[in-house]
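Close look at the chain arrangement
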Amino acid sequence: MVNVSIVDARPPSITVQPANTSKAYGASVTLSVTATGPSLTYQWYKDGTALSGETNSTLTISDFQESNKGDYHVVITNAYGTVTSNTGT
């Protein structure tokens, strides 16, 4: 008898990038990314600085203000690699 186990060893791959968006101040803004691969972790950044607690595939700013304007991207990691999204403004 032979036991065969298959391990999903794919590095993260982004299938849908975050898109630029424009909203009125006070509106809710959501940036999202879609990625494939096992056991993904996410970290969102604004202007190159990690955003504390923003570790999901979506980033929502519920009350968008001028201070929220900037360039956002997400870094997706798993045991097999890391990928950085395009920047959404």
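Everything in this summary refers to the structure shown in the same document. Here the structure is a predicted model, which is why all the values come from computation and not from measurement.

With that settled, consider the overall build of the chain. Along its length, the chain carries 0 helices and 8 strands. Ordered by position from the N terminus, the helices and strands of the chain form the series β-β-β-β-β-β-β-β. A globule of 89 residues ought to have a C-alpha radius of gyration of about 12 Å, yet the chain, at 16 Å, is considerably larger. Split into buried and exposed, the 89 residues of the chain put 27% on the buried side. A fraction of 59% describes how many contacts in the chain between residues 6 or more apart in sequence connect residues 24 or more apart. Carbon and sulfur atoms provide 49% of the accessible area of the chain, an area that totals close to 5,600 Å².

Inspection of every chain in the model, using the stated rule, returns 1 salt bridge. In this structure, Asp8 engages Arg10 in a salt bridge whose closest nitrogen and oxygen atoms are separated by 2.8 Å. We classify Asp8 as partly exposed; its relative accessible area is 34%.

Attention now goes to the nonpolar core. Counting 13 residues, the largest nonpolar core has Val33, Tyr42, Trp44, Val74 and Ile76 as its most contacted members. Mapped onto this core, the elements with two or more residues apiece are strand S2 (29-32), strand S4 (41-46), strand S6 (58-61) and strand S7 (72-78). With 3 residues, the top contributor of residues to this core is S7.

What follows is about the side chain of Asn78. Among the structural elements, Asn78 can be located in strand S7. Judged by relative accessible area, Asn78 falls into the buried class, the value being 9%. From its side chain, Asn78 meets the backbone oxygen of Pro38 in a polar contact 3.0 Å long. Every residue in contact with Asn78, bar those within four places of it in the chain, is listed here: Arg10, Pro11, Pro12, Gly37, Pro38, Ser39 and Leu40.

A few words now on a nonpolar patch on the surface. On the surface, Val2, Val4 and Ile6 cluster together into a nonpolar patch covering about 400 Å² of accessible area. With respect to the helices, strands and loops of the structure, Val2 is situated in the segment before strand S1 (13-16). Look at Val2 and you get exposed, because its relative accessible area is 70%.

All right, on to the pairing of strand S8 (residues 81-84) then. As defined by bridge partners, S7 adjoins S8 across 4 bridges and the pair is classed as antiparallel. Paired with Asn78 across the bridge in S8 is Gly81. Between S7 and S8, which pair antiparallel and follow one another directly, the connecting turn spans 2 residues.

This part takes up the side chain of Ser85. If you trace the backbone, Ser85 turns up in the segment after S8. Using a relative accessible area of 7% as the deciding quantity, one classes Ser85 as buried. Sequence-distant contacts of Ser85, defined by excluding residues within four places in its chain, comprise Ile14, Gln17, Pro18, His73 and Val74.

Rules used in this analysis
- Residues numbered from 1 in each chain as written.
- Predicted model: local features only at pLDDT ≥ 70, side-chain atom pairs only at ≥ 80, totals over all residues.
- Heavy atoms only, no water.
- Helix = DSSP H or I, 4+ residues; strand = E, 2+ residues; numbered from the N terminus.
- Rg over C-alpha atoms; globule rule 2.2 N^0.38 Å.
- Buried < 20%, exposed > 50% of the residue type's maximum accessible area, 1.4 Å probe, protein only.
- Contact = heavy atoms within 4.5 Å.
- Areas by Shrake-Rupley, 256 points an atom, 1.4 Å probe, with all protein chains shown as cover.
- Salt bridge = Lys/Arg side-chain N within 4 Å of Asp/Glu carboxyl O.
- Core = buried A, V, L, I, M, F, W, Y, C linked by side-chain atoms within 4.5 Å.
- Polar contact = N/O pair within 3.5 Å; in protein donor to acceptor, adjacent residues only side chain to side chain.
- Patch = residues over 30% accessible without salt bridge, like charges linked within 9 Å, V, L, I, M, F, W, Y side chains within 5 Å.
- Pairing = 2+ DSSP bridges.

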